Amino acid sequence: LKETAVAPPPFLRETPTAMYCQISGEVPQEAVVCKECGGVFERRLAVKYIEDNGKCSCGEPVSVDELITVKTSGVVHPRTSAATSIPGLLSHFQNEWDATMLETYNLKVQLDSTREELANALYRLDAAARVITRVMKERDDARAALQHVGGVVDGGAANGEENALPPAVIARMAAAQAQLASGRKTRPFTLQPKEKVQSLAESGAFPVHKASKPGIAAVAVHPAHPNKVLTGGDDMTGVLFDTAEGKKMATLSGHSKKVTHVAFHPQHDVLLTGSADKTARVWGQSSGSYSTVHVLEGHTQPITGLSLHPIGEYAATGSKDATWAIFDIRSGTRVCHIESEDITHGYSSLSFHPDGMLVGTGSENGVVRLWDMNTREVAATFDSADGSIVTAFSENGYYLLGATASALRLWDLRKQKELRSVDLQKSFKANAIDVDFSGAYTAVAGKEVR
């Protein structure tokens, strides 16, 4: 009989579809199915994962008994051999590979979870930073409002008026004025020849402030010890320096913004500083170092002027908030606070007259005002019409000098008129002025180096 070939049924001719473990990505030798997610796993990997985590890799809680075994064509696996045999080593490597795959999978899950937690934490941090910024702004506004209200109350504590001065203080200032005025004409001084002044040159340069925040905004020389120099810097400190020995004597730390004004007390070891942080400070020496004795507060804008009264017990401060005040430096209390509704531009400078009964203020709009200490009212006004101005009195008390961005002006206080003007050019931008003891020479500093 001739044999006839019979074709197999169609289902036997289809190529079987391979199943892969969702953990290892390989074809499982003993396949099981999770009834919760329907995923296929290698049984040993699934059992180990459930024993370690108490759930399936899909995240659903599943026990080992709930795994469904998938029947496949039987494959005869070699018996477990000793580790010294090649099959044993292969089995050992397989176990290591399984452990590595499980660990890698767990690390990926943890990484994703950590990334999500980090994103949430960063979002919360950003939200907290915005809230803190808003709260700090509200706090600063509240402090400024409180200082303004407190200034009105404290400034008039003596006589019930904001700009009142106790009669005893005025009497002391008037007595000092009479004494100073009578002795001024007989006060000896040495006038340096013009040639010597013209030959002045730099004799030394000293890096006294921090290099990270360079810049010196104020300089003062001790009237009795010219080798002592006090500077105020952009690094928020004042520095007392000995030019003869070339070394720092003290560093004054306490301000929160740059120090813009400094002054020596002529008779006592007391220093004064004014800052853009709206305060002035009185410094005293104790145990060989300087520390803050009093903080002079009350302004709502940066300090732009600081001057010590000739009797050495009171200091005046001017500010960009268009007010000026007098403080008792012995107690740190504010004696009076002067504010006028007619003055809207902030002050750019302030100084006491050498006799002590006048205060000169320069404004950001170029107006210079002389204030009578008896009445705390404006006694005279000079208009430079050239922007912000800094002022200084001559030692003889007859003249007032003012430096603007481009000019130096000289006013006669007796005739209350301008005597002369010197062009400094607009690029100079004067920001400091001083007059020597003889009253014959004036020094002006500006942003242009010359």
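Data block above holds the structure.
Residues numbered from 1 in each chain as written. Predicted model: local features only at pLDDT ≥ 70, side-chain atom pairs only at ≥ 80, totals over all residues. Heavy atoms only, no water.

Draft legend 1. Molecular detail of the nonpolar core. Core analysis: the biggest nonpolar cluster contains 22 residues, and Leu165, Trp324, Ile326 and Met373 have the highest contact counts within it. Contributing elements (two or more residues each) for this core: helix H4 (167-184), strand E13 (314-319), strand E14 (323-328), strand E15 (333-339) and strand E16 (347-352). The element that contributes the greatest number of residues to this core is H4, accounting for four residues. For methionine 373, the contacting residues outside a window of four places in its chain are Leu165, Ile170, Met173, Trp324, Ile326, Phe352, Gly356, Met357, Leu358 and Val359. (Core = buried A, V, L, I, M, F, W, Y, C linked by side-chain atoms within 4.5 Å. Buried < 20%, exposed > 50% of the residue type's maximum accessible area, 1.4 Å probe, protein only. Helix = DSSP H or I, 4+ residues; strand = E, 2+ residues; numbered from the N terminus. Contact = heavy atoms within 4.5 Å.)

Draft legend 2. How the structure looks around the pairing of strand E9 (residues 270-275). Within E9, six of the six residues are buried, which leaves the element mostly enclosed by the surrounding structure. Residues of E9 alternate between two faces, with Val270, Leu272 and Gly274 on one and Leu271, Thr273 and Ser275 on the opposite face, all of them buried. Pairing between strand E8 (residues 259-264) and E9: five bridges, direction antiparallel. Of the residues in E9, the one forming a bridge with alanine 263 is leucine 272. (Pairing = 2+ DSSP bridges.)

Draft legend 3. How the structure looks around unusual backbone geometry. Even without being glycine, lysine 278 reaches a positive phi, approximately 80 degrees. Inspection of the secondary structure assignment puts lysine 278 in the loop between E9 and strand E10 (280-286). Looking at lysine 278, the relative accessible area reads 30%, which means it is partly exposed. Unusually for a residue other than glycine, glutamine 416 sits at a positive phi of about 55 degrees. Position of glutamine 416 relative to the elements: it lies in the loop between strand E22 (407-412) and strand E23 (417-423).

Draft legend 4. Broad picture of the packing of aromatic side chains. The final tally for this structure, using the stated rule, is five aromatic pairs. Aromatic side chains phenylalanine 206 and phenylalanine 241 sit 4.7 Å apart centroid to centroid with 45 degrees between the ring planes, which places their arrangement in the tilted category. Here phenylalanine 206, found in the loop between helix H5 (194-198) and strand E4 (216-221), pairs with phenylalanine 241, found in strand E6 (residues 237-242); they are 35 residues apart in sequence, far enough to count as distant. In this structure phenylalanine 206 comes out as partly exposed when scored by relative accessible area, which is 38%. Aromatic pair phenylalanine 382 and tryptophan 411: ring centres 5.3 Å apart, planes at 25 degrees, arrangement stacked. Placement of the pair is phenylalanine 382 in strand E19 (residues 377-383) and tryptophan 411 in strand E22, with a sequence separation of 29 residues. (Phe/Tyr/Trp six-rings, centres within 6.5 Å; stacked < 30°, edge-to-face > 60°.)

Draft legend 5. Here's a closer look at the side chain of arginine 376. Assignment of secondary structure puts arginine 376 in the loop between strand E18 (367-372) and E19. From its side chain, arginine 376 meets the backbone oxygen of asparagine 374 in a polar contact 2.5 Å long. (Polar contact = N/O pair within 3.5 Å; in protein donor to acceptor, adjacent residues only side chain to side chain.)

Draft legend 6. The sheet that holds E23, seen in detail. Within the open sheet, the four strands sit side by side as E20-E21-E22-E23. Their pairing is antiparallel. Strands with a single pairing partner mark the edges of an open sheet, and in this sheet they are strand E20 (390-393) and E23. The average angle at which neighbouring strand axes cross in this sheet is 20 degrees, direction not considered. In the sheet, strand E21 (residues 399-403) pairs with E22 via five bridges, with the strands oriented antiparallel. Each residue of the ladder has a partner; that of tyrosine 399, found in E22, is aspartate 412. (Axes fitted to C-alpha atoms, helices over the stretch in contact; angles between N-to-C directions.)

Draft legend 7. Representation of the sheet that holds strand E12 (residues 303-308) in the model. Judged by pairing direction, the sheet is antiparallel, and its four strands sit side by side in the order E12-E13-E14-E15 without closing on themselves. For this open sheet the edge positions go to E12 and E15, each flanked by a neighbour on one side alone. For this sheet, the mean angle separating the axes of adjacent strands, direction not counted, is 20 degrees. Inspection of the sheet shows E12 paired to E13 by five bridges, in the antiparallel sense. Residue glycine 305 lies in a different strand from E13, and its bridge partner there is glycine 318.

Draft legend 8. Expanded view of the environment of glycine 402. Mapped onto the elements, glycine 402 comes out in strand E21. Residue classification places glycine 402 among the buried residues on the basis of a relative accessible area of 0%. Sequence separation between glycine 402 and isoleucine 389 is 13 residues; the distance between their C-alpha atoms is 6.2 Å. Residue contacts for glycine 402: discarding those within four places in its chain leaves Ile389, Val390, Thr391, Ala407, Leu408, Arg409, Trp411 and Ile433.

Geometric values such as these leave the question of function open.
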